[in-house]
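Observations on the model geometry
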Amino acid sequence: MRVLIVSDLHANWPALEALREPHDVCLCLGDLVDYGCDPAPVIDWVRRHVHACVRGNHDHMVAQYVTTNGYSGFRYLSGVTRPVSQQRIEAEHRRFLADLPLTRFLTLGGKRFLLVHATPRDPLDEYAAADVDFWKRRIAGLGVDVVCVGHTHQPYVLQVEGTTIINPGSVGLPRDGDPRLSYAVWEDGRVTLHRAEYDVEQAVRRIQEADLPDQAKEMLACVLRHGSLHNGSQRTAPAPASNGTHSR
Ligand SMILES: [Fe+2]
């Protein structure tokens, strides 16, 4: 069985439609919306193609009409793109996001999988680096063979006491210095991380056409083109400092 694992699509339709990976089953680890300008086609794709999906922090905030106030970096971008997310989805899309579970257990190819956006301890927000000791504490007693997580936009695979931790990175907004879309494939116990080119300039044009502040357009174009804000964290909007909360 060949399982395609995707996460953090972030309303980037040009990236998602470029994903051409043969698979039997597709799993999605959340964050379908925000940052990008095409939330509806991305949600529709997930509804059509994905076998199991969990809720990301951005899905939760859009579904529950949460506003984000941030004045620098990704928290700023999260706040200014939220109205675009809200304006460009229908009620059925919002219901789909609201109905997404925080965690999902399922068995594929005889192996027990746990899907969660961030970590089992804090399904929406905890930042989990590729750290064996950190993950030992998070998976104790779960009795699963594979844990699939997203949120960090940093792909990795870890082996932790018989459990495989898979973070496929981000399809829509890679942040590890490589702008190519990122995903993982699990096939009969073997995991591979993949990168694929897509039309980044099309995604940048979608941003530039949207009703967003010029500064946000510039920062998002930078992340899309370079996989990083570079010095973007030092680019601040004319307002008080951020509280520093992650907004992956
Ligand atoms: Fe994300």
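Quantities reported herein were computed from a predicted structural model and do not represent experimental measurements.

Quick notes on the rules
- Residues numbered from 1 in each chain as written.
- Predicted model: local features only at pLDDT ≥ 70, side-chain atom pairs only at ≥ 80, totals over all residues.
- Heavy atoms only, no water.
- Donors = N, O, S within 2.8 Å, 3.2 Å for Na, K, Ca; no water.
- Tetrahedral: all angles 85-135°; square planar, octahedral: opposite > 155°, others 65-115°.
- Helix = DSSP H or I, 4+ residues; strand = E, 2+ residues; numbered from the N terminus.
- Buried < 20%, exposed > 50% of the residue type's maximum accessible area, 1.4 Å probe, protein only.
- Core = buried A, V, L, I, M, F, W, Y, C linked by side-chain atoms within 4.5 Å.
- Contact = heavy atoms within 4.5 Å.
- Pairing = 2+ DSSP bridges.
- pLDDT = per-residue confidence, 0-100.

Now for the coordination of the iron ion. Within the first shell, the iron ion binds the protein through D8 (OD), H10 (NE2), D31 (OD) and H153 (NE2), at distances of 2.0 to 2.3 Å. Each of the four donor atoms around the iron ion contributes to a set of angles spanning 85 to 173°, which defines the coordination as irregular. Expressed as a motif, the donor residue spacing for the iron ion is D-x1-H-x20-D-x121-H. Taken as a pair, H10 in the loop between β1 (2-6) and α1 (13-17) and H153 in the loop between β6 (146-148) and β7 (156-160) lie far apart in primary sequence, 143 residues in all. For the pair H10 and H153, one class covers both residues: buried.

Our focus in this paragraph is the nonpolar core. Within the largest apolar cluster, 48 residues are counted, with the highest numbers of intra-cluster contacts made by V6, L9, L32, L77 and L97. Take this core: its biggest share by element is six residues, from helix α8 (residues 214-226). If near-sequence neighbours (up to four positions away) are discounted, L77 is found in contact with Y35, A216, M219, L220 and L229. Counting 17 residues, the second-largest nonpolar core is a separate cluster that includes V25, L108, A184 and V191.

Moving on, we get to the sheet that holds strand β2 (residues 25-28). The strand order across the open sheet built from five strands is β3-β2-β1-β9-β10, with neighbouring strands paired in mixed fashion. Strands at the two margins of the open sheet, each flanked by one partner only, are β3 (52-53) and β10 (190-196). Relative to β2, β1 runs parallel, the two sharing four bridges. Counted as the bridge partner of V3 is V25 from β2.

Predicted confidence across the chain gives a mean pLDDT of 93, with 93% of residues reaching 70 or more. Of the regions scoring below 50 in pLDDT, residues 232-246 engages in 26 contacts with residues more than four places distant in sequence or in other chains.

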